Amino acid sequence: MTPAEIQSLRVQANGLNFHVRSCGEGDRLALFLHGFPENSYSWRYQMPALAELGFRAWAPDLRGYGTSDKPGRMEDYAIETLMDDVAGLIDASGAKSTLLLSHDWGGAIAWYFAMRRIRPLERLVIMNLPHPAIMTRVIRSGMKQRLRSWYAMFFQLPRLPEFLLRSRNATAIADMFRSMAIDKTRFPDEVLDVYRQAALEPGALTPMINYYRAVVRGGGARRQESLGFPKIEVPTLMIWGEEDAALDKTTTYGTDEFVSNLTLRYLPDVSHWVQQEAPETVNALLAAWLQDREVPECGAGGKLIDQSA
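Residues numbered from 1 in each chain as written. Predicted model: local features only at pLDDT ≥ 70, side-chain atom pairs only at ≥ 80, totals over all residues. Heavy atoms only, no water.

**Student:** Provide a residue-level description of the overall build of the protein chain, including the pertinent values.
**Tutor:** Each helix and strand counted, the protein chain has 12 helices and 8 strands in total. Over its C-alpha trace the protein chain gives a radius of gyration of 18 Å, about what one expects of a compact globule, namely 19 Å for 309 residues. Based on the C-alpha atoms only, the size of the protein chain along its principal axes is roughly 55 × 45 × 45 Å. Within the protein chain, the proportion of its 309 residues that are buried is 57%. (Helix = DSSP H or I, 4+ residues; strand = E, 2+ residues; numbered from the N terminus. Rg over C-alpha atoms; globule rule 2.2 N^0.38 Å. Buried < 20%, exposed > 50% of the residue type's maximum accessible area, 1.4 Å probe, protein only.)

Here you go:
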C-alpha cells in the first residue's frame with residue numbers, strides 16, 4: 001500500500017466539518033492527531049502502514065487547521081472542546097475499537113482524552129509530548145524547560161505572532177521544520193510548501209495559535225490540573241526523538257507513575273518531528289507493539305538495534 005491510496009473525506013463531528021485523510025478499511029479505527037504547525041499530511045508515512053495492519057486510518061486536520069472548519073474565538077480551542085472533537089470523530093467513524101496516535105499538540109489532547117476516559121480506547125500512542133503532570137512538574141522546578149517553551153508565552157501576544165509567521169511567504173513556518181530537523185533531507189521544499197501554504201490560507205494562523213492561548217490565557221491547563229491526573233490504564237507506547245529542540249528528554253522521566261502499561265522508546269539523533277524524520281523506525285516500532293512482539297530499542301541515527309546480533 002502506498003501514500004497514493006490515501007483519500008480525502010469530509011466528516012461532520014462536534015458541530016464542525018473536518019477534512020480527514022483516510023486509508024484502509026474495517027471497524028478498527030486508527031485515529032491520528034497532528035501537532036503545530038502541521039496538519040494531517042504529517043501522518044502520510046504511518047497511515048498506509050496502519051492500514052496494512054488491518055486498521056482504518058483516519059488523520060483529520062484538527063479544528064483550525066488545513067481545510068477543516070476554523071471557529072474564530074479563542075474559547076473555541078479549549079482543551080475540553082478539542083477532546084469533544086476527538087469523541088465526535090470516533091463516533092462518526094462507527095468503529096468498534098479505537099487506537100489513538102498523536103504527536104505534539106495532538107499528544108496533549110490524547111493524554112487528556114485517555115485520562116478523562118472520554119471514549120474507550122484500545123491503545124494509545126504518544127510522540128514527543130510529555131504527560132501533562134510531568135510537564136507541569138518540570139516547568140515549575142527549573143528554568144531549562146521554561147526557556148525551551150518560550151514560544152508558548154510569545155504566542156499569548158495579540159496579532160504579532162500571526163504577523164511574523166505569515167511574513168516572507170510564511171518562511172518562519174518552513175524554518176521550524178528544517179532548522180529543528182536533524183535529517184534535513186526529510187523536509188525538501190515540496191514538503192515544507194504544504195505547511196507554508198496551509199498557514200497562508202486566510203484566517204488560518206490565528207486558530208492554530210489559539211490552541212496555545214486557550215490553554216494558557218483561557219485557563220485550560222489550570223482546569224485540567226484541578227481535576228487531577230488519574231492513572232491511564234490503556235496500553236501506551238511513547239516514542240521520543242531525543243534531539244527535540246522544544247522539549248527536553250527529562251520531561252519523559254517518571255511517565256510510568258501516570259501510565260500503568262507503558263512502553264517507551266527513544267530515538268537518538270532524531271528531532272521533534274519524529275514520525276516524519278524517522279518514519280521507517282517509527283512504523284517498525286508501531287508494528288511490533290501492535291502485534292505484541294518485542295519492541296526493539298533504537299541506536300544512533302534512530303535506527304533499530306539488531307537484537308539478533
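**Student:** Got a sec to walk through the pattern of salt bridges? Specific residues and values, please.
**Tutor:** Counting across every chain of the model gives 18 salt bridges. R265 is the partner of E297 in a salt bridge, and the nearest nitrogen-oxygen pair spans 3.7 Å. Here R265 lies in strand β8 (residues 262-271) and E297 lies in the segment after α12 (279-290), a separation of 32 residues in the sequence. According to the relative accessible area criterion, E297 is partly exposed, its value standing at 39%. (Salt bridge = Lys/Arg side-chain N within 4 Å of Asp/Glu carboxyl O.)

**Student:** Which residues make up the pairing of strand β1 (residues 7-13), and what are the values?
**Tutor:** Sheet topology note: the β1/strand β2 (residues 16-23) ladder contains 7 bridges and is antiparallel. Pairing of Q12 across the sheet is with N17, part of β2. Counted between consecutive antiparallel strands, the loop separating β1 from β2 contains 2 residues, among which N14 sits at a positive phi close to 50 degrees. (Pairing = 2+ DSSP bridges.)

**Student:** Just give me the short version of helix α4 (residues 132-141), but keep the residues and values in it.
**Tutor:** Where α4 is concerned, the buried positions are P132, A133, I134, M135 and V138. Looking at the packing, one finds that the buried side of α4 touches α3 (105-116) and α5 (143-148). (Contact = heavy atoms within 4.5 Å.)

**Student:** Provide a residue-level description of the environment of P202, including the pertinent values.
**Tutor:** Its place among the elements puts P202 in the loop between α8 (189-200) and α9 (205-216). Under the relative-accessibility criterion, P202 is labelled exposed at 73%. Taking the C-alpha atoms as reference, P202 lies 39 Å from I232; in sequence the two are 30 residues apart.

**Student:** Run through the packing of helix α7 (residues 160-180) against α9, naming residues and quoting values.
**Tutor:** At their nearest, the axes of α7 and α9 sit 10 Å apart, and the two run at 125 degrees to each other. Taken together, the axes of α7 and α9 lie oblique to each other. Crossing geometry of α7 relative to α9 is assigned as right-handed. When α7 is examined against α9, the residues P161, E162, L165, R166 and I173 are found in contact with a partner set consisting of L205, T206, I209 and R213. (Axes fitted to C-alpha atoms, helices over the stretch in contact; angles between N-to-C directions. Parallel < 35°, antiparallel > 145°, perpendicular 65-115°, else oblique. Left-handed = near helix turned anticlockwise from the far one by under 90°.)

**Student:** How would you summarise the layout of surface pockets if you had to cite specific residues and measurements?
**Tutor:** In this structure, the largest pocket occupies an estimated 870 Å³ of space. Considering the residues around the largest pocket, the lining is formed by 27 residues, among which M135, I139, V215, V216 and A221 are closest to the centre. Per element, the largest residue contribution to the lining of the largest pocket is 5 residues, and it comes from α4. Looking at the lining of the largest pocket residue by residue, the classes come out as 19 nonpolar, 3 polar and 5 charged. In this model, the second largest pocket occupies a volume close to 390 Å³. (1 Å grid on protein atoms, 1.4 Å probe; cavity = no way out; pocket = protein on both sides within 12 Å on 5 of 7 lines; lining within 4 Å. Points joined across faces, edges and corners; volume = space filled by probe spheres on them. Nonpolar A, V, L, I, M, F, W, Y, C, P; charged D, E, K, R; others polar.)

**Student:** Provide a residue-level description of the environment of S179, including the pertinent values.
**Tutor:** Within the fold, S179 resides in helix α7. Of the residues examined, S179 reaches a relative accessible area of 56% and is grouped as exposed. In the structure, S179 is positioned 66 residues away from A245 in sequence and 9.5 Å away in space, judged by C-alpha atoms. A distance of 2.4 Å separates a polar atom in the side chain of S179 from the backbone oxygen of D175. (Polar contact = N/O pair within 3.5 Å; in protein donor to acceptor, adjacent residues only side chain to side chain.)

**Student:** Go over the packing of α7 against α8, please, and point to the residues and values.
**Tutor:** Packing of α7 against α8 leaves a shortest axis separation of 9 Å and a crossing angle of 130 degrees. Taken as axis vectors, α7 and α8 run oblique relative to one another. Judged by the sense of rotation from one axis to the other, the crossing of α7 with α8 is right-handed. Contact residues: α7 offers R166, N169, A170, I173, A174, F177 and R178, while α8 offers D189, L192, Y195, R196, A199 and L200. Considering only residue class, the contact of α7 with α8 consists of 8 nonpolar, 1 polar and 4 charged.

**Student:** Would you mind going over the packing of aromatic side chains in detail, with residue names and values included?
**Tutor:** Across all of its chains, the model carries 17 aromatic pairs by this definition. A centroid spacing of 5.5 Å and a plane angle of 40 degrees characterise the contact between Y77 and Y211, whose relative ring orientation is tilted. Placement of Y77 in the loop between β4 (56-60) and α2 (79-93) and of Y211 in helix α9 is noted, with a sequence separation of 134 residues between them. As far as burial versus exposure is concerned, Y77 and Y211 are alike and both buried. In textbook terms, an aromatic cluster arises when at least three aromatic residues are bridged by ring pairs, as seen for F36, Y65, Y77, W105, W150, Y151, F154, F155, Y211 and Y212. Geometry around Y41 places R44 over its ring, the cationic atom sitting 4.2 Å from the centre. Looking at R123, its charged tip hangs above the ring of W289, at a distance of 4.8 Å from the centre. (Phe/Tyr/Trp six-rings, centres within 6.5 Å; stacked < 30°, edge-to-face > 60°. Lys NZ or Arg CZ within 6 Å of the ring centre and 35° of its normal.)

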